[in-house]
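Letter by letter, the chains look like this.
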Amino acid sequence: MAAFSLLALSWFSAFPAFSQSIHSLKRAELEIHVGPAIPLGSFGRTAFQGNEDISTATALDYHGAKVGVNYGLAFGYYASPNWGVVLLFNGHSYGVKTGADGFAAYQPDYPWTTTETDKWTEFMAMAGLTYRCMIVDRLVFSARAYLGYAHLMSPFYRSEAKVGTNLYEYTLHSDSDPQFGYGAGVALKYLIGRGFHLDLRCEYMSAVPFYFRNVGSQATISGQNVQSSVPHDKRYTFHEHFQSLNVSLGFTVAF
């Protein structure tokens, strides 16, 4: 036990001491972070559940985002010890949650199963204000709020149903839309040294609803009772309200 205590004391003494003052921190910070992204609201609902008959509808309830990943980097500069500005670049990636019946909204009586999906992909480039204060030695509380550019790409989707000797296939193409985004978050930063911090961060990110127009889809039938594949092209319009709660681990290089 004494040996362990001596080892721990030696390890901590290797780091330079800090005074409990925000003035001891450097002005510029470059941060890298990654962690889970939790979709909120309608964005996280099971895909296509709001549609009763997709075959005749022109509007689509897509949604279906699973828990995904967020990643990014940020640059902050503090004009005063506590207040500064931040530039943030953040990405999100989410799988698609479709339920056991796949695209049953297209023909509810058919045994649809999902055969292929891409991902919801989102990118943000933001600017805003940041604040920091020292809680105790080596532990800093940080907060920031920002707004700017957001871009969301909808996933490609394919489903199929086998009925007798016929095979029904449905595909929905991907699309993308730019929009106005915003967010805010807080963090705890542990100072390994004045120039290197470990970060635990929680942030909410959202955007004005994305509007996808004329998204292409195709339905085909093939089998013994069909002379050849019979394509049926259809276009949909849908809105997606992106909301995400991000929990991230990262590090900061200060200079």
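Heads up: the structure comes first, above all this text.
Notes on the structure in this doc start here. (Residues numbered from 1 in each chain as written. Predicted model: local features only at pLDDT ≥ 70, side-chain atom pairs only at ≥ 80, totals over all residues. Heavy atoms only, no water.)

For the rest of this paragraph, the subject is the packing of aromatic side chains. All chains considered together, the criterion is met by 15 aromatic pairs. The interplanar angle of 65° and the centroid separation of 5.6 Å between the aromatic rings of Y62 and F238 together place this pair among those described as edge-to-face. A residue pair is termed long-range when its members are at least 10 positions apart, and Y62 in the loop between β1 (28-39) and β2 (68-78) and F238 in strand β12 (residues 232-240) qualify at 176 residues. Overall, the relative accessible area of 0% leaves Y62 in the buried class. Judged by relative accessible area, which is 1%, F238 ranks as buried. Grouped by ring-pair contacts, the aromatic residues F43, F48, Y62, Y94, W120, Y157, F212, F238 and F242 constitute a single cluster. Over the ring of Y78 we find R132; its NZ or CZ atom is 3.8 Å from the centre of that ring. (Phe/Tyr/Trp six-rings, centres within 6.5 Å; stacked < 30°, edge-to-face > 60°. Helix = DSSP H or I, 4+ residues; strand = E, 2+ residues; numbered from the N terminus. Buried < 20%, exposed > 50% of the residue type's maximum accessible area, 1.4 Å probe, protein only. Lys NZ or Arg CZ within 6 Å of the ring centre and 35° of its normal.)

What follows covers the side chain of S142. Within the secondary structure layout, S142 lies in strand β6 (residues 139-153). Assessed through its relative accessible area of 2%, S142 is described here as buried. Among the polar contacts made by the side chain of S142, one reaches the main-chain carbonyl oxygen of Y131 at a distance of 3.4 Å. If near-sequence neighbours (up to four positions away) are discounted, S142 is found in contact with Y78, T130, Y131, R132, G185, V186, A187, K189 and R201. (Polar contact = N/O pair within 3.5 Å; in protein donor to acceptor, adjacent residues only side chain to side chain. Contact = heavy atoms within 4.5 Å.)

What follows concerns the environment of S80. Relative to the assigned elements, S80 resides in the loop between β2 and β3 (83-94). Classification of S80 as partly exposed rests on a relative accessible area of 26%. As a C-alpha pair, S80 and I22 span 58 residues in sequence and 9.8 Å in three-dimensional space. Here W83 takes part through its backbone nitrogen, which lies 3.1 Å from a polar atom of the side chain of S80.

Summary: where empty space remains is shown by rolling a probe the size of a single water molecule over the atoms. According to the stated counting rule, one finds one cavity of 30 Å³ or more in the structure shown. When its volume is computed, the largest cavity comes out at roughly 110 Å³. Considering the residues around the largest cavity, the lining is formed by 14 residues, among which E29, E31, G76, Y78 and R144 are closest to the centre. Where the lining of the largest cavity is concerned, the elements lending two or more residues are β1, β2 and β6. Per-element tally for the lining of the largest cavity: the top contributor is β2, with four residues. Counted by class, the lining of the largest cavity contains five nonpolar, four polar and five charged residues. (1 Å grid on protein atoms, 1.4 Å probe; cavity = no way out; pocket = protein on both sides within 12 Å on 5 of 7 lines; lining within 4 Å. Points joined across faces, edges and corners; volume = space filled by probe spheres on them. Nonpolar A, V, L, I, M, F, W, Y, C, P; charged D, E, K, R; others polar.)

So, about the sheet that holds strand β9 (residues 176-193). Reading around the circumference, β1-β2-β3-β5-β6-β9-β10-β13 is the order of the eight strands in this closed barrel, with antiparallel pairing throughout. Taken over all neighbouring pairs, the strand axes of this sheet differ in orientation by 25° on average, direction set aside. Bridging between β1 and strand β13 (residues 243-254) involves nine bridges; their strand directions are antiparallel. The residue bridging V34 from the neighbouring strand is L249, located in β13. (Pairing = 2+ DSSP bridges. Axes fitted to C-alpha atoms, helices over the stretch in contact; angles between N-to-C directions.)

Let us look at the pairing of β3. Of the pairings in the sheet, the one linking β2 to β3 comprises ten bridges and is antiparallel in character. By the bridge assignment, Y71 is partnered in β3 with G91. Between β2 and β3, which pair antiparallel in sequence order, lie four residues. Alignment of β3 against strand β5 (residues 120-136), held across twelve bridges, turns out to be antiparallel. What sits directly across from V86, in β5, is G128.

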